[in-house]
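# Residue-level structural notes
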Amino acid sequence: MEFFRIHKTIPFMRHALVLNIISLVTFLAAVFFIATKGFHLSIEFTGGTVMEVAYPQAVELDTVRSTIAQKGYSDFQVQNFGTSRDVMIRLPNIEGKTSTQQSNEVIEALKASDPNVELRRVEYVGPQIGRELAHDGLLALLFVVIGIMIYLAFRFEWKFAVAGVIANLHDVIIILGFFAFFQWEFSLPVLAAVLAVLGYSVNESVVIMDRIRENFRKQRKASVREVIDSAITATISRTIITHGSTQMMVIAMLLFGGPSLHYFALALTIGIWFGIYSSVFVAAALAMWLGVKREDLVKPIKKDTGEVVG
């Protein structure tokens, strides 16, 4: 489906060198911030106190948050689970206070607002569990990258595989760089968003690479640069429809999803925009710099028999 068709090929690769230099500078800046500032890890990674409370009727989470904030807490999480009457509260570790003291302090504040609130469960989550989650998250990220590289190598060939993986890592590092620079809270939902961006970005790269391979078969007299420009131009309508629809949903989560979904949606927003950019100006351009040519993607044909060699 297309809302419009661009008849004149846009020379994207004419500016590939300048844009790749900008990408490299941005990538190195992100790596610098990650290495120097680190991440503002959530309670899932650092450990803390988990409380489950129940109300006799549906409760506004913002009311619960404001009550807890009045006790001096800043890095805490409040969310529903099961029903709108059940609330899960995660409190960070505070030096000089035990898990029992924290839970008693919070439940007393909540009872002052609503005497009918009931404490169902209190549990301490140690930092060891956080380290295990971080380790498992990094392993998941590594396996996804390896799987993408293997898929692209089988689907196309090694030059596209390398270009695609570098482009995807470019997106991930940029997202992590934003979170390190602004010290936004890095939680499990954000990690899930990063993994989602990997799959989302590679999908766009595959579409463009597939069109490049198709154009190599059709445009036999065109140069590599012209083939790539034509492939990207032909997929613009599809890109706008796909990414525009996805971004509308993500913006809705960003604006109306509340604090629980805020950073998840923010990571997806950054990933979507940089995913479009990297598929065009990183993946396609890197494939061009690596020397991709028609013979890499289209098997030659024997002149005497007309059979495909292979």
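Anything mentioned here points back to the structure above.
Scope of this entry: the structure provided in the associated data block. (Residues numbered from 1 in each chain as written. Predicted model: local features only at pLDDT ≥ 70, side-chain atom pairs only at ≥ 80, totals over all residues. Heavy atoms only, no water.)

Let's shift gears to a nonpolar patch on the surface. Nonpolar side chains collect at one region of the surface, where Leu139, Leu142, Phe143, Ile146, Ile150 and Phe154 lie side by side and expose about 630 Å² of accessible area between them. With respect to the helices, strands and loops of the structure, isoleucine 150 is situated in helix H5 (residues 127–155). (Patch = residues over 30% accessible without salt bridge, like charges linked within 9 Å, V, L, I, M, F, W, Y side chains within 5 Å. Areas by Shrake-Rupley, 256 points an atom, 1.4 Å probe, with all protein chains shown as cover. Salt bridge = Lys/Arg side-chain N within 4 Å of Asp/Glu carboxyl O. Helix = DSSP H or I, 4+ residues; strand = E, 2+ residues; numbered from the N terminus.)

Another point: the side chain of serine 279. Relative to the helices and strands, serine 279 resides in helix H10 (residues 259–289). On the basis of relative accessibility, which here comes to 1%, the residue serine 279 falls in the buried class. When neighbours within four sequence positions are excluded, serine 279 is seen to be in contact with Ser201, Glu204, Ser205, Ile208 and Ala284. (Buried < 20%, exposed > 50% of the residue type's maximum accessible area, 1.4 Å probe, protein only. Contact = heavy atoms within 4.5 Å.)

Strand pairing within a sheet occurs via backbone hydrogen bonds; the two strands may be parallel or antiparallel. Read from one edge of the open sheet, four strands run S3-S4-S2-S5, paired in antiparallel fashion. At either margin of the open sheet sits one strand with a lone partner, and together these are strand S3 (77–81) and strand S5 (118–125). Neighbour to neighbour, the strand axes of the sheet diverge by 20° on average, direction disregarded. As paired strands, S3 and strand S4 (residues 83–92) are joined by five bridges and run antiparallel to one another. Bridging across to S4, glutamine 77 finds its partner in arginine 90. Helix-sheet contacts for helix H3 (residues 61–69) involve S3 and S4, and the interaxial angle to S3 is about 150°. Helix H4 (residues 99–113) rests against strand S2 (48–54), S4 and S5 of the sheet, and its axis sits at about 35° to S2. (Pairing = 2+ DSSP bridges. Axes fitted to C-alpha atoms, helices over the stretch in contact; angles between N-to-C directions.)

In short, shape yes, function no, at least from these values alone.
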